[in-house]
Amino acid sequence: MKEDDNISEFKANDQNIIENKELNFYEALIPVVLLMSLLAYNIFFAAGELFGEYSNQFILLIGGAIAAIVGFFNKVTLHRMLSEIWENLKSVFVPIMILFLVGALAGTWLISGVIPAMVYYGLQVLSPEIFLPASVIISAVISIATGSSWTTSATVGIALVGIGTALGINPGMIAGAVISGAYFGDKMSPLSDTTNLAPAMAGTDLFTHIRYMTITTVPTIIITLIVFGILSATIETSGSADVSNLLKTINTTFNISPWLFLVPLAVIVLILFKTKPLIALGAGVLLAALFAFIFQPEILNSLGESKLSSVISSIFSDTRITTENEKLNDLFSAGGMKGMLWTIYLILCAMVFGGIMDGIGALARITRALLSVASSVFGLFASTVISCLGLNTIASDQYLAIVIPGKMFKQAFEDKGLAPENLSRTLEDSGTVTSVLIPWNTCGAYQAGVLGVGVGEYFIYAIFNWLSPFTTLLFAAFSIKIKQLKSSK
């Protein structure tokens, strides 16, 4: 038998899905179990420093090496595994460029006074009593308009974290509110790529999919808003009594002007006109750099030998502006492109692990095993949810978490007499929104890097995201709004 005779593959929406008839379910689980064990040990017993600063990255590479060994024992060639790794790496080229630009954006928006201005005016408008639910709503509106949770976090998300931190609100709560709103908008926007991908995989149309998603999504976001409303009303905020001092310090340090809002407004307008994110964010960096020369010459002189060198440094490296108020010093610091390297390394290592797992056929094998135990309607929904969650964890990519279960479970939903929008909704409820809850998933790594808040810090507060799969399972368990296929008669 030739080494590749055991391999079959097919494409689904430009994603390769590989099956390996030599590989059994237990063998497919070996890399997953070892990976999870090492990650758990690193988190709970080694304080995240098992292999130093880049522990998670090394663990993902170890998981990939173990998966490769399993592949060799099951007649998978090195060429095939390397090919899938390369495909995975190519798929994250644009996200990595976006991350670099977001780092540059954070630096230039700081030295130009854009972020300080957002904090300055935001402190006067957003009181602690309404801050968290307001953050959910603001993020949701921007995300619906742009179709991108990533863009939302990179613009208003950064500002909201800054404002909330100045008010003394737990950064994990703020990030959870931003992410909840951003992913609600991402799910419901017809401009979102995942919102278009899910119905394409399930076999329904976009607007039928969006309408059907409201059945589970609206109750979930309402519960989310209620919880954040209660949190806002009950938390103690050390910064609320000190707002006047914060405002005075910001106004003394920076030249604050409403004109600075032209920079984020320009980025949002470009996104609304469907400009590519790389171009929109790049324009935001250049415009902010120009505004830094116009509005903050004293800041630029204090940071480097020349104004130009200060701007360049803010794009590529660390920038720290010291103020009279200790609370603002951490807020007014940025890492530039350099600050995004840890996140980028994590994404690259996750793509190596996911690529090898896909190349040896492990992802498809695990999904098929889940499908085989789905004997009831609820079991089918539960298997789909588990499959999406598992692929977000193993493959580290939300697109694969939609494509593979969508392809594998499509016929099973039809066989149960269920309309395709049941599948497309479940893919979004459990695939799209949970990606941000996995630290090494591209979405989790991105959000943590952009907002400056670790996944472990915001996980419990990303209420909309972890509640969504439970909502879809609850509706399935009680057969609430489970649409049947129309009779052919």
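Once a new chain begins, its residue numbering starts again from 1 and follows that chain's sequence as written. Totals for whole chains, interfaces and linings use all residues, but because this is a predicted model, local features are given only for residues with pLDDT of at least 70 and pairs of side-chain atoms are given and counted only at 80 or more. Side-chain numbers come from the whole structure's heavy atoms, not from hydrogens or water.

J.: Run through the overall build of the protein chain, naming residues and quoting values.
T.: Secondary structure counts use DSSP, requiring at least four H or I residues in a row for a helix and at least two E residues in a row for a strand, with both numbered from the N terminus. Across its full length, the protein chain carries 24 helices and 4 strands. Each of the three principal axes of the protein chain carries a C-alpha extent, and together these read 75 × 50 × 45 Å. In this scheme, a residue with accessible area under 20% of its type's maximum is buried, one over 50% is exposed, and one in between is partly exposed, where area comes from a 1.4 Å probe on protein chains only. The buried share of the protein chain, reckoned over its 489 residues, is 58%. Here a residue-residue contact requires only that any non-hydrogen atoms of the pair lie within 4.5 Å. Here the contacts in the protein chain between residues at least 6 apart in sequence split such that 77% fall between residues at least 24 apart. Computed with a 1.4 Å probe, the accessible areas rest on the Shrake-Rupley method; for each residue, only the protein chains presented here act as cover. Carbon together with sulfur atoms contributes 65% to the accessible area of the protein chain, which is approximately 19900 Å² in total.

J.: Go over unusual backbone geometry with me, naming the residues and quoting the values.
T.: Positioned with a positive phi, Ser479 is a non-glycine residue whose angle comes to about 50°. By the secondary structure assignment, Ser479 is in the segment after helix 24 (463-477). Although it is not a glycine, Lys481 adopts a positive phi angle of roughly 50°. Within the secondary structure, Lys481 is located in the segment after helix 24. The exposed category is assigned to Lys481, whose relative accessible area is 57%.

J.: Tell me about the packing of helix 7 (residues 149-166) against helix 22 (residues 442-451), and please be specific about residues and values.
T.: In a pair of packed helices, the angle between the axes and the distance between the axes together describe the arrangement. Lines are fitted to the C-alpha atoms to define the axes, a helix being fitted only along its stretch in contact, and any angle between axes, read from their N-to-C directions, falls within 0 to 180 degrees. Contact pair helix 7 / helix 22: the axes reach a minimum separation of 9 Å and the direction vectors enclose 30°. As far as their axial angle goes, helix 22 and helix 7 are roughly parallel. The element helix 7 and its partner helix 22 pack so that their crossing is right-handed. Of helix 22, the residues touching helix 7 (which contributes Ser149, Trp150, Ser153, Ala154, Gly157, Ile158 and Val161) are Thr442, Cys443, Tyr446, Gln447, Val450 and Leu451. In this classification, the charged set is Asp, Glu, Lys and Arg, the nonpolar set is Ala, Val, Leu, Ile, Met, Phe, Trp, Tyr, Cys and Pro, and all remaining amino acids, among them Gly, are polar. Along the lines of polarity and charge, the residues of the contact of helix 7 with helix 22 split into 8 nonpolar, 5 polar and no charged. Just so you know how the angles are binned, under 35 degrees is roughly parallel, over 145 roughly antiparallel, 65 to 115 roughly perpendicular, and the rest oblique. Crossing handedness: left-handed means the near helix sits turned counterclockwise from the far one by under a right angle, and right-handed means the same turn made clockwise.

J.: Can you tell me about the side chain of Gln296, naming the residues and giving the values?
T.: Locating Gln296 in the fold gives a position in the loop between helix 13 (277-295) and helix 14 (297-303). Classification of Gln296 as buried rests on a relative accessible area of 3%. Under the rule applied, a polar contact is a pair of N or O atoms within 3.5 Å (in protein, one hydrogen donor and one hydrogen acceptor; residues adjacent in sequence only if both atoms are side-chain atoms). From its side chain, Gln296 meets the backbone oxygen of Asn255 in a polar contact 3.0 Å long. Excluding residues that lie within four positions of it along the chain, Gln296 makes contacts with Ile111, Ser112, Gly113, Phe254, Asn255, Leu260 and Phe291.

J.: Tell me about the environment of Cys349, and name the residues and values.
T.: Take Cys349: it is sitting in helix 17 (residues 341-359). Of the residues examined, Cys349 reaches a relative accessible area of 10% and is grouped as buried. As a C-alpha pair, Cys349 and Leu61 span 288 residues in sequence and 6.0 Å in three-dimensional space. What Cys349 contacts, discounting residues up to four positions off in sequence, is Gln57, Leu60 and Leu61.

Worth remembering: the numbers are spatial, not functional.
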